[in-house]
Amino acid sequence: MRAKRAGIPNSATTSKSPAELFLPLANLPAPPMELNPPLLQFATQALDLVLDFKRPADAVLSAFFREHKKLGSHDRAFVAEAVFGVLRRYRYLSVVVPAANPRTLIVAWLIKSRGMSGATLEKFAKPELIDHIRSARTDDLSLAVAAEFPDWVVEKLQQTMSDAEILALGRALQQPAPLDVRVNAHKVGRDAVLAQLQAEGLAVEATPYSPWGLRFKDHPAINRHPLFLDGSLEVQDEGSQLLALLLGARRGEMVCDFCAGAGGKTLAIGAMMASTGRLYAFDVAEKRLANLKPRLARSGLSNVMPQLIASENDTRVKRLAGKLDRVLVDAPCSGLGTLRRNPDLKFRQSPESVAELTLKQTAILRAAAKLLKPGGRLVYATCSLLPEENEGIVEGLLAEGGFTQLPVNELLAQNKIDLDTGPMLKLSPAVHGTDGFFAAVLVKPAS
């Protein structure tokens, strides 16, 4: 059984009481339930592949669908929904089935999450299995199982959070993420776009914090909308949009997005700069930077310079030492703040992988800090929930001297944003409706 080989604990009791996808597989609308044995078998096969936890679930599913091209759209939707549905409640479902394997997990999901009747499932599962699942006791679940976190994640979160807060966070992360988009301020205003989309009958509203954000109630195929095709809209979580605002890049400045990836934040920064100055987009992955190119072409920005680097010590980086006004470091991290989109990610991380990441984060932040001129601003950010990847990294740099901290709540207040999480940005899906994000703003004193 692959779930056991992955080393995921299934104990139920204890003495203690997020590739750019415009319509993410995890968030597909529920298809009409017309279950048949072949379709259940396809879902079982796909889940079996995913439960190796060796590759991202969406990548595994994409490859699975390429190998099974005869599956129709509704069949694919059911397979995707079943796989992600099980991943979201994997620890709980592993408790309510007598033997956790892909097929029994899907049956448990159909009963517990989809509310399918035992009578409907009788031709797919033995009556004793159905009865066991329906009658399974779940009133004594451990905190980790109820929150759908590995035990080690709960232990780390308990350093700074109460059990009630951890449970609320876990439950929020079990829900599919909404579809957030950013209006390209270089091209058009948010009010005009919002009015147009609402006039078209789309259920959409302004995000509460980002001045450029819109949030859809459903998940329309926005990548086919004219406003997306002409670069007026980009898919981007509201929390990610706020990172550009905290960086505060201005017209004519020299700025760097140090870990640019596919460039969502790069484009937001470029729009703030009104396509003036110079904006470097560094990344070590050629494929990610390649994904930036069509987005950059749509955006209408001419100040972005994508550059592939070998590491944070690349000569392309070192030659900019002391020259930049602002640098954003959205560091590689465990990604635990994105579990609404990537529920399998928590089972593909470990205390050891997090320890490795903290070393990388420290090295990247030190290298990026050297690029700033006196008075320059440095924003360090992750989509992690763990203190050692967040406050721990920032405090390490501050302890070395040469930087002071700029309170995030004061910056947000200056921008008339009603959001106060203290001197550092700490966004939670349970409280703010965004992915889990962390950010700190540091300033190099003027000499």
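Up top you'll find the structure we're talking about.
Caption draft 1: Geometry of the sheet that holds strand 2 (residues 204–206). Pairing within the open sheet is antiparallel, and its four strands lie in the order 2-3-1-4. Each end of this open sheet is capped by a strand with a single partner; those strands are strand 2 and strand 4 (233–235). Here the average twist between neighbouring strands, direction ignored, is 30°. Of the strand pairs in this sheet, strand 2 and strand 3 (residues 213–216) are connected by three bridges, and their pairing is antiparallel. Looking across to strand 3, one finds that Ala 206 is bridged to Leu 214.

Caption draft 2: Local environment of the layout of surface pockets. When its volume is computed, the second largest pocket comes out at roughly 500 Å³. Those elements giving two or more residues to the lining of the second largest pocket turn out to be helix 11 (163–173), strand 11 (425–427) and strand 12 (437–443). With three residues, the top contributor of residues to the lining of the second largest pocket is helix 11. When its residues are assigned to classes, the lining of the second largest pocket shows eleven nonpolar, six polar and three charged.

Caption draft 3: Region of interest: the pattern of salt bridges. Per the stated rule, a full pass over the model turns up 21 salt bridges. When the shortest N-O distance is used, the salt bridge between Arg 114 and Glu 81 registers 2.8 Å. Residue Arg 114 is found in the loop between helix 6 (102–112) and helix 7 (118–121), and its partner Glu 81 is found in helix 4 (residues 73–88); the two are separated by 33 residues along the sequence. Taking the relative accessible area as the measure of exposure, Arg 114 reaches 27% and is therefore partly exposed.

Caption draft 4: Summary view of empty space enclosed by the protein. Of the volumes computed, that of the largest cavity is approximately 40 Å³. As for the largest cavity, its lining consists of Arg 88, Ala 147, Glu 148, Phe 149, Gly 170, Leu 173, Gln 174, Leu 339, Pro 343 and Lys 346. Among the residues forming the lining of the largest cavity, the class breakdown is five nonpolar, two polar and three charged.

Caption draft 5: Up close: unusual backbone geometry. Even without being a glycine, Glu 148 presents a positive backbone phi close to 60°. For Glu 148, the location among the structural elements is in the loop between helix 9 (143–147) and helix 10 (151–157). We classify Glu 148 as buried; its relative accessible area is 0%. Of note in the backbone geometry, Lys 416 takes a positive phi value of approximately 60° without being a glycine. Note that Lys 416 resides in the loop between helix 20 (408–414) and strand 11. Judged by relative accessible area, which is 79%, Lys 416 ranks as exposed.

Caption draft 6: Representation of the nonpolar core. In this structure, Leu 35, Val 79, Leu 105 and Leu 121 are the most contacted members of the largest nonpolar core, which totals 44 residues. Elements with a minimum of two residues in this core: helix 2 (37–50), helix 3 (57–67), helix 4, helix 5 (90–96), helix 6 and helix 8 (127–135). Apart from the residues lying within four places of it in its own chain, the contact partners of Val 79 are Leu 39, Phe 42, Ala 43, Ala 46, Leu 61, Phe 64 and Phe 65.

Caption draft 7: Inspection of the packing of helix 4 against helix 6 at higher detail. Relative to each other, helix 4 and helix 6 sit at 90°, their axes nearing to 10 Å. Between helix 4 and helix 6, the crossing angle belongs to the class labelled roughly perpendicular. Between helix 4 and helix 6, the residues in contact are Phe 78, Glu 81, Ala 82, Gly 85 and Val 86 and Leu 105, Ile 106, Trp 109 and Leu 110, respectively. Taken together, the residues of the contact of helix 4 with helix 6 sort by class into seven nonpolar, one polar and one charged.

Caption draft 8: Inspection of the pairing of strand 8 (residues 324–330) at higher detail. With seven of its seven residues buried, strand 8 lies for the most part within the structure. Here three bridges tie strand 5 (residues 254–257) to strand 8, and the two strands are oriented parallel to one another. Paired with Cys 256 across the strands is Val 327, a residue of strand 8. Here strand 8 runs beside strand 9 (residues 372–382); their pairing, made up of six bridges, is parallel. Residue pairing in the sheet places Leu 324 in a bridge with Leu 372 of strand 9.

Caption draft 9: Summary view of the packing of helix 14 (residues 238–247) against helix 15 (residues 264–272). Closest axis-to-axis distance for the helix 14/helix 15 pair is 9 Å, and the angle between their directions is 40°. With respect to their mutual orientation, helix 14 and helix 15 come out oblique. When you trace helix 14 past helix 15, the crossing you get is right-handed. Where helix 14 abuts helix 15, its residues Ser 240, Leu 243, Ala 244, Leu 245 and Leu 247 lie against Lys 265, Ala 268, Ile 269 and Met 272. Partitioned by chemical class, the residues of the contact of helix 14 with helix 15 number seven nonpolar, one polar and one charged.

Rules of the game
Residues numbered from 1 in each chain as written. Predicted model: local features only at pLDDT ≥ 70, side-chain atom pairs only at ≥ 80, totals over all residues. Heavy atoms only, no water. Pairing = 2+ DSSP bridges. Helix = DSSP H or I, 4+ residues; strand = E, 2+ residues; numbered from the N terminus. Axes fitted to C-alpha atoms, helices over the stretch in contact; angles between N-to-C directions. 1 Å grid on protein atoms, 1.4 Å probe; cavity = no way out; pocket = protein on both sides within 12 Å on 5 of 7 lines; lining within 4 Å. Points joined across faces, edges and corners; volume = space filled by probe spheres on them. Nonpolar A, V, L, I, M, F, W, Y, C, P; charged D, E, K, R; others polar. Salt bridge = Lys/Arg side-chain N within 4 Å of Asp/Glu carboxyl O. Buried < 20%, exposed > 50% of the residue type's maximum accessible area, 1.4 Å probe, protein only. Core = buried A, V, L, I, M, F, W, Y, C linked by side-chain atoms within 4.5 Å. Contact = heavy atoms within 4.5 Å. Parallel < 35°, antiparallel > 145°, perpendicular 65-115°, else oblique. Left-handed = near helix turned anticlockwise from the far one by under 90°.

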